[in-house]
Protein chains: 2
Amino acid sequence: MFKYLVLTSIFSSLIFGQNPENNSFNLMPYPAKITAGNGFYIIDTSFTIEISNFSNNRLEKYSSRILRRISGKTGMFFKQDYVSAKNKVENPALKIAVKREGFLKDYEDESYRLIITNNSITIESETDLGAFRGLETLFQLIVSDASGNKFPVVDIEDEPRFTWRGLMIDVCRHFMPLEMILRNIDAMAMVKLNVLHLHLSEDQGWRIESKIFPKLQELGSDGLYFTQEEIKYIVNYAGDRGIRVVPEIDIPGHSSALLTAYPELGSGPGPYKIDRTWGIKTPTLNPTNTKTYEFLDKLFGELTPLFPDAYFHIGGDEVKDTEWKNNPEINEYMKANGISDYHELQAYFNGRVLNILQKYGKTLVGWDEILHDNMPKNSVIHSWRGIKALMKAVREGYKAILSNGYYIDLNQSTVFHYKNDPLPEGNDLTKEEKKRVLGGEATMWAELVTNENVDSRIWPRTAAIAERLWSPQSISDVRNMYERLGKISLLLEESGVKHIKNYDMMLRRLMSSHEVSTLKVLVDVVQPLKEYARHRTGPKLTSFSPYTRIVDIATADPEFARGFNFLCEDYNNSKNKELIPLINNYLNLWRDNHALFLQISENRPVIRDGRTHSLNLKRLAENGLELTIMIEKGEKVSSQKIKVIEQLIELSKKESAQCELAVITGFEFLLNSVKK
Amino acid sequence: MFKYLVLTSIFSSLIFGQNPENNSFNLMPYPAKITAGNGFYIIDTSFTIEISNFSNNRLEKYSSRILRRISGKTGMFFKQDYVSAKNKVENPALKIAVKREGFLKDYEDESYRLIITNNSITIESETDLGAFRGLETLFQLIVSDASGNKFPVVDIEDEPRFTWRGLMIDVCRHFMPLEMILRNIDAMAMVKLNVLHLHLSEDQGWRIESKIFPKLQELGSDGLYFTQEEIKYIVNYAGDRGIRVVPEIDIPGHSSALLTAYPELGSGPGPYKIDRTWGIKTPTLNPTNTKTYEFLDKLFGELTPLFPDAYFHIGGDEVKDTEWKNNPEINEYMKANGISDYHELQAYFNGRVLNILQKYGKTLVGWDEILHDNMPKNSVIHSWRGIKALMKAVREGYKAILSNGYYIDLNQSTVFHYKNDPLPEGNDLTKEEKKRVLGGEATMWAELVTNENVDSRIWPRTAAIAERLWSPQSISDVRNMYERLGKISLLLEESGVKHIKNYDMMLRRLMSSHEVSTLKVLVDVVQPLKEYARHRTGPKLTSFSPYTRIVDIATADPEFARGFNFLCEDYNNSKNKELIPLINNYLNLWRDNHALFLQISENRPVIRDGRTHSLNLKRLAENGLELTIMIEKGEKVSSQKIKVIEQLIELSKKESAQCELAVITGFEFLLNSVKK
């Protein structure tokens, strides 16, 4: 632990110190335009905020929260208690000048200008939403040094590149309580995300209270669902932070929980039950049954007023035709109504659902599968399939949102998501078509997470996605992104998200001790298997499995491993021998850790599956140290030695404990550096 | 950080290793009777639970949660998903045999017997409440070693010493959200506490929704209050864990927030406003106004049905007579009705409130001040004044609860609370009178805490209070208590409480870095000023102050400091020179830390107030090292040197940064050891 920290901080100053101009502002997402000035605005206890123009309740509350957050961060006792447009203050430190209330809808103006001089701060914006974004930028700008707490003199003109910057949270596979949603809304606001998509129905659970159809939650949720009061609270809480809430009721597939409550609406004979396993399931609503539409009409009539947003997401993905094939009545209905195949049957279903939603004033959003001639052009296609599907949709006149490439449950690297652009360079879309690409949305599917570790799957990687969706396309330097990511990650936990603090808690649980350093050395450099590989190894995972093991603590793209990988890459590129001692620090740590790991795992069966990676890491480190000794001595490395290390690297790539070693890249660079 | 952990673990094995017989079971509260056997019950993936006799929904849920918690702790994939009395399992690992449902009331049977053999586990109890207590004991018994995860063979017969084992949470001075209450209910259940007392009204806020008098929350809460749905959720959640919920509406004083909404009920001219400062305030209900009772009648008519518990707490403490003195009408009324003084006036008020509560089937609880001839004997006196007041009450025929000595907001040591007994040895109460001492209640007043650090004020110290209230009086070994406390503290965080994880988070915020070790070395050995001393130094504290500074992170009776103090005490007693190197480890750490602290605090104004203690700590360490060198060499310490160190110790006792140094005792022992 102690060593870890020293290593990364040495590393960080060495590597990132080379790009001071990129590194001068720890902002994420990076603003569209930023002009640095000289000097600072010094914060003192007379710091006050004034809303000088238009105001409303949520702007007062947002400003008051920022006042308190600056106070909390600096520990300073401000004279102002809260910000109220009614109570004018003398010589305000920060003046907020907003023209009008913003609407929570596509293309709304979220731009702002933030001007900090030596003796004044102003935020100007068209809408209060713009002011919210600017206030978060201001908060990120706090620095402190011997002269005090302060903001740098700067002039920022900023606006988002995309109007839809979303985070989907699946509260079905594992239920997430209200508090999880609230803390993540606060974190979203910090990185200027503006759409919370709640995935509310699944095979594994129905998660929203219906008063008309109470069996939905009574039989379909294990008692784990949001009450309508909680939904209202969420919508209001998000709205206060300029964040839209779009609900999803996934139909006609993904409906085991719904059909557990109302089996008569199913396409199969039933009975149904809440599914406890993962995968694509067959229970499907019956699109040929009038009662299905009567049910949906009443249900949507009840649920749509809870969500003021114009959009309503009906899912529509991964519909299996098993039940349809096996149901003669459905096939007869299709024949009688000229429905040629099951894709057409789903389109027919969607058409009728569309009519219901239109009656309630809602615009339909659905996953790729809903794309069909019968969908009106104001529908929104949510693409999980990829950029091609997205482009097809916008060419056909639909609005579209990209989620392919933003599946944060799949443990991809941050840079993988960062490079995933809803409007990639060189695309041949027209200006109109481009405008219909609303943006993107990170999707937090919840099969393999619980309320304990879910934040560590969302953050900090989603901050990089937020930057891709907010900042100009030209902001794309990967090293610089990672540098800023480390800093925003620390700030994010002040919003309440638990990605850092629960990491240590989970280590302590497995160790039954405060002393977690040996386990941490290993967990810091492994990552959960990517994509869907974890389902193909280890015990079968279900709703009730323990999600408390090494693989559940380990994070995608771990910061510590990255430090080593970058160092080795830099050495390979530069052959700068000053880097060798830094590399050796890592190698010594890993070489020595294995014996300790064997010791601590002896009496702790739960961590014993980490031994393979620990051993591989030790062997890699030993061989790495041999290499760095030869590098320092200027000796040539034999081709035999190179072959041995290559084999060891290949061996170390194998999965174990549902994890992979995250430092392979580094060793490959190190080895490569001695090959030439 | 790294050093810290090694130090404590060495310390712990050395000191506590001396009492293996006391130390064999990491249980808190310690059971009434425990008979150790030989060997273990080995947990494997076929581990199942069966409810073999009486069952109900909450017993099924409790058992299912325990199943999942054992799975989470061991990382084992159990075949059983959840426990249902309907689904019988073959060869259950754990059989739960309960006779009947328990009632959430005084003197209910919470006893249980837990028998673990090599191949079976049984919990037998009169009520489901007893089974809950037994299941928590079982969970605390999990150990693991090379042979696997297991429970020791043991026979436990256990029952509580007191029927009222409470925790009061003040959700008024700083509001605590629903999630804080829930996580603390889970933690309470782990240590067998059974009463949650919610302090819901104060000068600083009204925290419970009224639909009849909505201005209470609209004008009296800043929007921070529990809805009635949330209250129901809390009551249900607590009830599922065998925990009663007793609400408190504090009248006639402590009523600024109430009177902000309904000033016409006040004894003064008004207008009133929510108070943002701390202390005893004057706004008081008018006991001579008929409208006051009409209001309370309607309000209690609305609120009492939300709380099924027989008791309703009306506060009644700290009523200032300022407004009464200044109101001629009140004084005329008193004259006309033969009310002799203001104490009688409050008694008159209480009498009328009592009538209202009796109408709604409630028994009245109030703080010491309500004690008066007109109170019926079934009322409960809640003693904040002390053991004398408590004894007076039970002698007069009242039931009574002790909170004096359990004020966990006052940063006293764990042992201070642990030795505070509601029925001290040598008391001369009759058997009947003793029985009327219901028990005790830890009180978490919330002036100086927020949702971030409140858990660190409650836990782990409240676990020791729980033991005082549950376990036999004879369980009183302080060292052994502290040993077990460290272990229960780690287990407690698995319930979700944040006393450990937010400590590090708050350090990271002040450091803006993962690297917190230097700051931690200091914060680990300081503690917030005790009792009310913090209000007399430093900036004036209000609702809106930053509670994020060193003093807010530091905890009462810090574990690390205790380690040093015990070592020095042991050396002083034993003169065992083997302890000297261990003492030196601490001293070296502290001597070297100060230079680093000066560095890190240079650019972080928020932590600069820690420099005085850091410097004193360094000087103490330097002098301590001189002493230990002389001890090892067998040299005599000059009286001049002793005087210098004595002066330094006196100097170091001074408060700074609203904290005191927590290692003074250790240095005093060390110095004392060379005096003789």
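Just so you know, these numbers come straight off a predicted model, no measurement behind them.

Turning our eyes to something else, we now look at the pairing of strand E7 (residues 148-158) of chain A. Residue and element names in this part refer to chain A. Of all 11 residues in E7, 9 are buried; the element is thus mostly enclosed. In the sheet, strand E1 (residues 33-42) pairs with E7 via 7 bridges, with the strands oriented antiparallel. Following the sheet pairing, Phe40 is matched in E7 by Pro152. For strand E4 (residues 112-116) and E7, the ladder comprises 5 bridges, and the chain directions are antiparallel. The partner of Ile116 across the bridge, within E7, is Val154. In terms of strand pairing, strand E6 (residues 143-145) meets E7 through 3 bridges, oriented antiparallel. Residue pairing for E7: Val143 is matched across the bridge by Lys150. Where E6 folds back on E7, the antiparallel hairpin that results is connected by 2 residues.

For the pair chain B and chain A, the superposition axis carries a translation of 0.0 Å, the fit reaches an RMSD of 0.0 Å, and the rotation angle comes to 180°. This pairing of chains is accounted for by a two-fold axis. Most of the interface of chain B is mirrored in chain A, where 98% of its interface residues again form contacts.

What follows concerns helix H23 (residues 611-633) of chain B. Counted at 1.5 Å a residue, the expected span for H23 of chain B with its 23 residues is 33 Å, and the 33 Å between its end C-alpha atoms agrees. Just downstream of H23 of chain B lies Gly634 of chain B, where phi reads positive at about 75°.

Here we take up the packing of aromatic side chains. One pass over the structure, following the stated rule, counts 50 aromatic pairs over all chains. With centroids separated by 5.6 Å and ring planes inclined at 35°, the aromatic side chains of Trp164 of chain A and Tyr311 of chain A adopt a geometry described as tilted. One end of the pair, Trp164 of chain A, is in strand E8 (residues 164-170); the other, Tyr311 of chain A, is in strand E13 (residues 311-313), and 147 residues separate them in sequence. Of the residues examined, Tyr311 of chain A reaches a relative accessible area of 4% and is grouped as buried. Judged by centre distance (5.9 Å) and plane angle (45°), the rings of Tyr293 of chain B and Phe349 of chain B are tilted. Highlighted residues: Tyr293 of chain B in helix H8 (residues 290-303) and Phe349 of chain B in helix H11 (residues 342-359), separated in sequence by 56 residues.

A few words now on the pattern of salt bridges. Where charged atoms from two side chains of opposite charge come close, those side chains can pair. Residue and element names in this part refer to chain A. Tallied over the full model, the rule gives 96 salt bridges over all chains. The shortest N-O distance in the salt bridge between Glu126 and Arg100 comes to 2.9 Å. Note that Glu126 is positioned in strand E5 (residues 121-127) and Arg100 in strand E3 (residues 94-100), a separation of 26 residues in sequence. Residue Glu126 is classed as partly exposed on the basis of its relative accessible area, which comes to 26%. Exposure remark for Arg100: the relative accessible area of 27% places this residue in the partly exposed category. Among the salt bridges present, the one from Asp297 reaches Lys359, with a minimum N-O distance of 2.5 Å. Of this pair, Asp297 sits in helix H9 (residues 290-303) while Lys359 is found in helix H12 (residues 342-359), placing the two residues 62 residues apart along the sequence. Salt bridges sharing partners connect three or more residues here, namely Asp106, Arg244, Asp309 and Lys399.

This part takes up a nonpolar patch on the surface. A grouping of Phe40, Ile42 and Val143 of chain A is seen on the molecular surface, where their side chains present a nonpolar patch of about 210 Å² in accessible area. With respect to the helices and strands, the residue Phe40 of chain A is situated in strand E1.

Before going further, it helps to examine the side chain of Lys641 of chain A. Residues and elements named next belong to chain A. Positionally, Lys641 belongs in helix H25 (residues 639-652). Polar side-chain contacts of Lys641 include one of 2.8 Å to the side chain of Asn623. Dropping the residues within four chain positions of it, Lys641 is found in contact with Asn623, Glu626 and Met630.

The subject of this paragraph is the interface of chain B and chain A. Every contact between the two is made by 55 residues of chain B and, on the other side, 54 residues of chain A. Together chain B and chain A conceal approximately 5,100 Å² of surface at their shared face, both sides included; 59% is due to carbon and sulfur atoms. Three residues, Phe77, His514 and Phe544 of chain B, lead the burial of chain B against chain A; their summed loss comes to 14% of the area buried on that side. At the boundary of chain B and chain A, one finds 2 salt bridges. Salt-bridge contacts for Glu493 of chain A lead to Arg508 of chain B; the nearest nitrogen and oxygen are separated by 2.4 Å. Every element with two or more residues in the side of chain B that touches chain A is listed here: helix H1 (2-16), helix H2 (57-74), strand E6 (143-145), strand E7 (148-158), helix H17 (478-493) and helix H18 (501-511) of chain B. Examining the composition of the side of chain B that touches chain A, we find that 7 residues originate from one element, H18 of chain B, more than from any other.

Our next topic: the domain arrangement of chain A. On domain assignment, one finds that chain A holds domain 1 (33-158) and domain 2 (501-675). Its C-alpha centre places domain 1 of chain A at a distance of 43 Å from the equivalent point of domain 2 of chain A.

This next bit is on the environment of Val394 of chain A. Residue and element names in this part refer to chain A. Assignment of secondary structure puts Val394 in helix H13 (residues 387-395). On the basis of relative accessibility, which here comes to 0%, the residue Val394 falls in the buried class. Excluding anything up to four places from it in sequence, Val394 contacts Ala400, Leu429, Glu433, Arg436 and Val437.

In this fold, Arg549 of chain B is placed in the loop between strand E18 (526-528) and helix H20 (550-553). Accessibility expressed as a relative area gives 15% for Arg549 of chain B, which makes it buried. Counting along the chain gives 61 residues from Arg549 of chain B to Gly610 of chain B, while the straight-line C-alpha distance between them is 9.8 Å. In this structure, Arg549 of chain B is in contact with Thr74, Gly75, Met76 and Phe77 of chain A together with Leu510, Val606 and Asp609 of chain B, ignoring residues within four places of it in sequence.

Glancing now at the side chain of Thr227 of chain B. With respect to the helices, strands and loops of the structure, Thr227 of chain B is situated in the loop between helix H5 (215-220) and helix H6 (228-239). Those residues in contact with Thr227 of chain B, other than ones at most four positions away along the chain, are Glu229 of chain A together with Glu209 of chain B.

Residues and elements named next belong to chain A. Axis separation between helix H22 (residues 559-574) and helix H23 (residues 580-602) bottoms out at 10 Å; the angle between their running directions is 140°. In terms of their interaxial angle, H22 and H23 are classed as oblique. The handedness of the crossing between H22 and H23 is left-handed. Listed contacts from H23 to Phe560, Gly563, Phe564, Leu567, Cys568 and Tyr571 of H22 are Ile580, Leu582, Ile583, Tyr586, Leu587, Leu589 and Trp590. Its residues assigned to classes, the contact of H22 with H23 comprises 12 nonpolar, 1 polar and no charged.

Let's shift gears to the environment of Ala257 of chain B. Residue and element names in this part refer to chain B. Positionally, Ala257 belongs in helix H7 (residues 256-261). Look at Ala257 and you get buried, because its relative accessible area is 0%. Placed 26 residues apart in sequence, Ala257 and Pro283 show a C-alpha to C-alpha distance of 9.0 Å. In contact with Ala257, not counting residues within four places along its chain, are Glu202, Asp203, Gly205, Trp206 and Gly220.

What counts as what
- Residues numbered from 1 in each chain as written.
- Chains lettered and ligands numbered in written order.
- Predicted model: local features only at pLDDT ≥ 70, side-chain atom pairs only at ≥ 80, totals over all residues.
- Heavy atoms only, no water.
- Buried < 20%, exposed > 50% of the residue type's maximum accessible area, 1.4 Å probe, protein only.
- Helix = DSSP H or I, 4+ residues; strand = E, 2+ residues; numbered from the N terminus.
- Pairing = 2+ DSSP bridges.
- Least-squares fit on C-alpha atoms with pLDDT ≥ 70 in both.
- Contact = heavy atoms within 4.5 Å.
- Expected span 1.5 Å × (residues − 1).
- Phe/Tyr/Trp six-rings, centres within 6.5 Å; stacked < 30°, edge-to-face > 60°.
- Salt bridge = Lys/Arg side-chain N within 4 Å of Asp/Glu carboxyl O.
- Patch = residues over 30% accessible without salt bridge, like charges linked within 9 Å, V, L, I, M, F, W, Y side chains within 5 Å.
- Areas by Shrake-Rupley, 256 points an atom, 1.4 Å probe, with all protein chains shown as cover.
- Polar contact = N/O pair within 3.5 Å; in protein donor to acceptor, adjacent residues only side chain to side chain.
- Buried area = accessible area lost by both parts, 1.4 Å probe.
- Domains from an automatic or database assignment.
- Axes fitted to C-alpha atoms, helices over the stretch in contact; angles between N-to-C directions.
- Parallel < 35°, antiparallel > 145°, perpendicular 65-115°, else oblique.
- Left-handed = near helix turned anticlockwise from the far one by under 90°.
- Nonpolar A, V, L, I, M, F, W, Y, C, P; charged D, E, K, R; others polar.

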